[in-house]
Amino acid sequence: MRKAFPIALYLANLAAIIALWARHSGALLGAGGAAALLAGARLAGLLAGYTLLTQIILIGRVLWVERGFGLDRLSRVHHWNGFALLTLALVHPVLTNAAHAALNGLAIFDQVLFFFRTYPTVLLAEIGLILFILIILLSLGFLRRRLTYEQWYALHITAYAALALAFFHQILVGGDLIGQGAFRTYWLILWAFAVANVILFRFARPLYQYARFRTRVERIVPETLDVHSVYITGHRLERFPIEAGQFLIVRFLQRGFWCEAHPFSLSCAPNGQYLRLSIKAVGDFTRKVRSLQPGTPVIIDGPHGAMTPRLCRRDRVLLIAGGIGITPLRSLAEHFTRQGKRVTLLYGNRTLDAIAFYGELDALAREHGLIVHHVLSEEPHWAGEKGFIDRERIARLVPDVASCDVYLCGPPPMMALVRRALRELGVPRARVHWERFAL
Ligand SMILES: Cc1cc2nc3c(=O)[nH]c(=O)nc-3n(C[C@H](O)[C@H](O)[C@H](O)COP(=O)(O)OP(=O)(O)OC[C@H]3O[C@@H](n4cnc5c(N)ncnc54)[C@H](O)[C@@H]3O)c2cc1C
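Residues numbered from 1 in each chain as written. Predicted model: local features only at pLDDT ≥ 70, side-chain atom pairs only at ≥ 80, totals over all residues. Heavy atoms only, no water.

Asks: Hey, could you run me through the overall build of the chain in this one?
Replies: If you tally the helices and strands in the chain, you get 15 helices and 12 strands. Overall, the C-alpha framework of the chain stretches about 85 × 50 × 40 Å when taken along its three principal axes. Burial analysis of the chain (439 residues in total) assigns 48% to the buried set. Restricting to contacts in the chain with at least 6 residues of sequence separation, those with at least 24 account for 71%. Taken as a whole, the chain presents about 20,900 Å² of accessible surface, with 64% of it coming from carbon and sulfur. Computed over 48 positive and 29 negative side-chain charges, the separation of the two mean positions in the chain equals 5 Å. (Helix = DSSP H or I, 4+ residues; strand = E, 2+ residues; numbered from the N terminus. Buried < 20%, exposed > 50% of the residue type's maximum accessible area, 1.4 Å probe, protein only. Contact = heavy atoms within 4.5 Å. Areas by Shrake-Rupley, 256 points an atom, 1.4 Å probe, with all protein chains shown as cover. Lys, Arg positive; Asp, Glu negative; His and termini not counted. Charge placed at Lys NZ, Arg CZ, Asp CG, Glu CD.)

Written out as structure tokens, the structure is:
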């Protein structure tokens, strides 16, 4: 149901747009030649508009969409949907100019100039298109890697300007929307719905939550040399609707921190007293987390994430963590062992010093029966498991793996290797639940 509703809504609107287009422009298609090109151009324009709305919903942290898929998967769909948008947004002006040039007996270049002179919104739409092309080009792996996350994000924000330009262009000169009362009203409702969802979930909800829970930093506790836990308290936190395995996008309102919001997973099961985030120092923001002051207000966007206990259908659970990927699994371990499930944790690190929550995991093992195997790759004198979490090790340490629900979080190469190993060991895809630390 959580997935079915957003998918059904998406398909129903797609079908409605095509049906309305066919009613108004279908005859042009039948006429062939330049008229058919014009019909194609209109469809490409409408679908570009719809793909654009889908883009903002996918990345708008819209709760009822995110619940079924998880934000990391939605952000990957957003990435690929961007290429569909670019294709449609390029096809639309090419076909429009070709069709009108043929109908008016003009050369293509003269037709383009004519449009620019006569319809200012065409020029605005072209500026929007150039912005989209820039954003999409900069999202390509090799260019993206040259920018910091903050630079890339700031460029992405310009997409909202492009969105406004596209809207005015469509509503003022869109062939199927001018003079077609029902289609125009439907189109306006569609846009209003998408924009309202983004405003509500992306901007209003975090502020509302802050007003309601008054969340603030309580204390900072070191876990390892480069991992620090931030304890967040607030008013009536027992009502904060979070589940083990989920993550929050937090903004600390302290000088030097407030202009960036970063995602971090809950590293202990919800307890009504505090929310704990355990943060590894990897870059400029995370390196200064240890200097957060108690009392600092925290704006929380979330909770997000679909890797929750709800996905678990079995009494036997296997958790596989790599490095700081332990955080969501640490909260799930606590949740599942308290539920009385039989839980095994395979936890990979380079060295003994890098293990976060060693004592807490030990306590969960003693008091709640958690079975923990630490796997260390760069600790020659370690008496336990040495090397990496691979197929042979999973089969040996968890012989009943095929009957487990598996939760996985760690560095991407490790996750790819483990997912392949699990497939080969007979664990159905639907029982492997994983999350990447990348949006
Ligand atoms: C769903 C999820 C859960 C996470 N949970 C944890 C956790 O529990 N503990 C933990 O230590 N880390 C977690 N991370 C990773 C953490 O968000 C990044 O390490 C952190 O944002 C890096 O910021 P930086 O400026 O210090 O490093 P940078 O060197 O600037 O960034 C390193 C990488 O982190 C990502 N990143 C940077 N800034 C952001 C941002 N504002 N939003 C999203 N991604 C960003 C980018 O991929 C970037 O390449 C999680 C990430 C995600 C997506």
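Asks: Sorry, what's going on with the site of the ligand here?
Replies: Around the ligand sit 20 residues, and of these Ala-261, His-262, Pro-263, Lys-280 and Thr-286 come closest. Here a nitrogen atom of the ligand and a backbone polar atom of Ala-261 are 2.8 Å apart. Between the ligand and Asp-284, the relevant distance is 2.8 Å, taken from an oxygen atom to a side-chain nitrogen or oxygen of the residue. Starting from 880 Å² of accessible surface for the ligand in isolation, the protein chains cover 82%. (Near = heavy atom within 4 Å. Polar contact = N/O pair within 3.5 Å; in protein donor to acceptor, adjacent residues only side chain to side chain.)

Asks: Just to check I follow, could you spell out the side chain of Glu-385 for this structure?
Replies: Tracing the backbone through its elements, the reader meets Glu-385 in strand E10 (residues 385-386). Once residues lying within four places of it in the same chain are set aside, the contact partners of Glu-385 are His-374, Val-375, Leu-376, Arg-393, Arg-396 and Leu-397.

Asks: Would you mind going over the sheet that holds strand E6 (residues 298-304) with me for this structure?
Replies: Consider a sheet: its strands pair through backbone hydrogen bonds, and that pairing is either parallel or antiparallel. Taken in spatial order, the three strands line up as E4-E3-E6 in an open sheet, and their pairing is antiparallel. In this open sheet, the two edge strands, each paired with only one partner strand, are strand E4 (262-265) and E6. When strand polarity is set aside, the average angle formed by the axes of neighbouring strands in this sheet is 30 degrees. Bridge analysis of strand E3 (residues 247-252) against E4 gives four bridges, and the strand direction is antiparallel. Looking across to E4, one finds that Leu-248 is bridged to Phe-264. (Pairing = 2+ DSSP bridges. Axes fitted to C-alpha atoms, helices over the stretch in contact; angles between N-to-C directions.)

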